[in-house]
Amino acid sequence: QKEVEQNSGPLSVPEGAIASLNCTYSDRGSQSFFWYRQYSGKSPELIMFIYSNGDKEDGRFTAQLNKASQYVSLLIRDSQPSDSATYLCAVRYGGGADGLTFGKGTHLIIQP
Amino acid sequence: DTGVSQNPRHKITKRGQNVTFRCDPISEHNRLYWYRQTLGQGPEFLTYFQNEAQLEKSRLLSDRFSAERPKGSFSTLEIQRTEQGDSAMYLCASSRGPSYEQYFGPGTRLTVT
């Protein structure tokens, strides 16, 4: 059973601080990793993807991947109230399987 | 650039009825995916197409569910003899190809009464 684990939260972070969201996955053969943001009642919106070990930065967002530890994280710098949402971690296992496996998401609250 | 579109956005149906949802992917994307999401859970993969070929089906896709993509463009997802447990958000996503990122449409929220 391929699993993706996230702390459901809520994770409360003061405005302007760094929010750190974490995700672990069970299958060492996993190839691609994604972070989606989902506002209540809306569909998931892709914000970051990472395929190689290390860090990938895009604006205020940094994705970090450690395949040896089967761990992927998302950092949000200078957190804004509009960042309050559920953040979904998703994994593609590859090997012909192209569907994503999602975690349950972490509910992030940015306190003004 | 037009994103993924889905219709209808909301559907209320009575148990035992059949429903059909439509998804139009981003125009240059040849892969199309269906997911289902219930409250408090992440999306769950159902099936995907490469052009008109259905390449993978999840064990969640029971015999009452069928998906098609007849001309490799839009796709339909039909649920026959709906049950209350089918109530969920049905999400469609598309990508340029294998190993590319997937972009979601707005979803179709199904309520079975």
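Coordinates for the structure precede this section.
Residues numbered from 1 in each chain as written. Chains lettered and ligands numbered in written order. Predicted model: local features only at pLDDT ≥ 70, side-chain atom pairs only at ≥ 80, totals over all residues. Heavy atoms only, no water.

A. Quick peek at the interface of chain A and chain B. Contacts between chain A and chain B engage 20 residues on the former and 23 residues on the latter. Across the interface of chain A and chain B, roughly 1,600 Å² is buried in total on both sides, 47% from carbon and sulfur atoms. Our enumeration of links across chain A and chain B arrives at one salt bridge. Arg31(B) is the salt-bridge partner of Asp98(A), the closest N and O atoms lying 2.8 Å from each other. (Contact = heavy atoms within 4.5 Å. Buried area = accessible area lost by both parts, 1.4 Å probe. Salt bridge = Lys/Arg side-chain N within 4 Å of Asp/Glu carboxyl O.)

B. View of the pairing of strand β3 (residues 19–24) of chain B. All names here are of chain B. The two faces of β3 differ: Val-19, Phe-21 and Cys-23 on one face are buried, but Thr-20, Arg-22 and Asp-24 on the other face are not. Summarising the sheet, strand β1 (residues 5–7) and β3 pair through three bridges and their orientation is antiparallel. Among the inter-strand pairings, Ser-5 is bridged to a residue of β3, identified as Asp-24. Bridge count between β3 and strand β8 (residues 75–79): five bridges; the pairing is antiparallel. Following the sheet pairing, Thr-20 is matched in β8 by Glu-78. (Buried < 20%, exposed > 50% of the residue type's maximum accessible area, 1.4 Å probe, protein only. Helix = DSSP H or I, 4+ residues; strand = E, 2+ residues; numbered from the N terminus. Pairing = 2+ DSSP bridges.)

C. Molecular detail of the pattern of salt bridges. By the definition in use, this model includes nine salt bridges over all chains. Residue Arg37(A) is joined to Glu45(A) by a salt bridge in which the shortest nitrogen-to-oxygen separation is 3.0 Å. Residue class for Glu45(A) comes out partly exposed when judged on its relative accessible area of 37%. Here the salt bridges do not stand alone but share partners, grouping Arg92(A), Asp98(A) and Arg31(B) into one network.

D. Inspection of the sheet that holds strand β3 (residues 19–25) of chain A at higher detail. Residues and elements named next belong to chain A. In space, the five strands of this open sheet follow the order β1-β3-β8-β7-β6, with antiparallel pairing throughout. Edge positions in the sheet fall to β1 (4–5) and β6 (54–58), since each of these pairs with one other strand and no more. Here β3 runs beside strand β8 (residues 71–76); their pairing, made up of six bridges, is antiparallel. Considered in β8, the bridge of Asn-22 is made with Ser-73.

E. Representation of unusual backbone geometry. At the junction of Gly9(A) and Pro10(A), the peptide bond is cis and its omega measures out at 10 degrees in the coordinates. Here Pro10(A) is to be found in the loop between β1 and β2 (11–14). Asn7(B) connects to Pro8(B) through a cis peptide bond whose omega is -10 degrees. Tracing the backbone through its elements, the reader meets Pro8(B) in the loop between β1 and β2 (10–13). Unusually for a residue other than glycine, Asp78(A) sits at a positive phi of about 50 degrees. Here Asp78(A) lies in the loop between β8 and β9 (85–94). On the basis of relative accessibility, which here comes to 41%, the residue Asp78(A) falls in the partly exposed class.

F. Here's a closer look at the layout of surface pockets. Volume-wise, the largest pocket comes out at about 740 Å³. In this structure, the largest pocket is lined by 23 residues; those nearest its centre are Gln1(A), Lys2(A), Thr101(A), Glu44(B) and Arg59(B). At the level of elements, β1 and β10 (97–102) of chain A together with β5 (44–50) of chain B are the ones that each hand at least two residues to the lining of the largest pocket. The element best represented in the lining of the largest pocket is β10(A), accounting for five residues. Classifying every residue of the lining of the largest pocket gives eight nonpolar, eight polar and seven charged. Roughly 450 Å³ of volume is contained in the second largest pocket. Along its surface, the second largest pocket is lined by 21 residues, and Gln38(A), Gln37(B), Thr38(B), Leu39(B) and Gly40(B) are the ones closest to its centre. Mapped onto the lining of the second largest pocket, the elements with two or more residues apiece are β9 of chain A together with β9 (88–95) and β11 (108–112) of chain B. Split into classes, the residues belonging to the lining of the second largest pocket amount to six nonpolar, 12 polar and three charged. (1 Å grid on protein atoms, 1.4 Å probe; cavity = no way out; pocket = protein on both sides within 12 Å on 5 of 7 lines; lining within 4 Å. Points joined across faces, edges and corners; volume = space filled by probe spheres on them. Nonpolar A, V, L, I, M, F, W, Y, C, P; charged D, E, K, R; others polar.)

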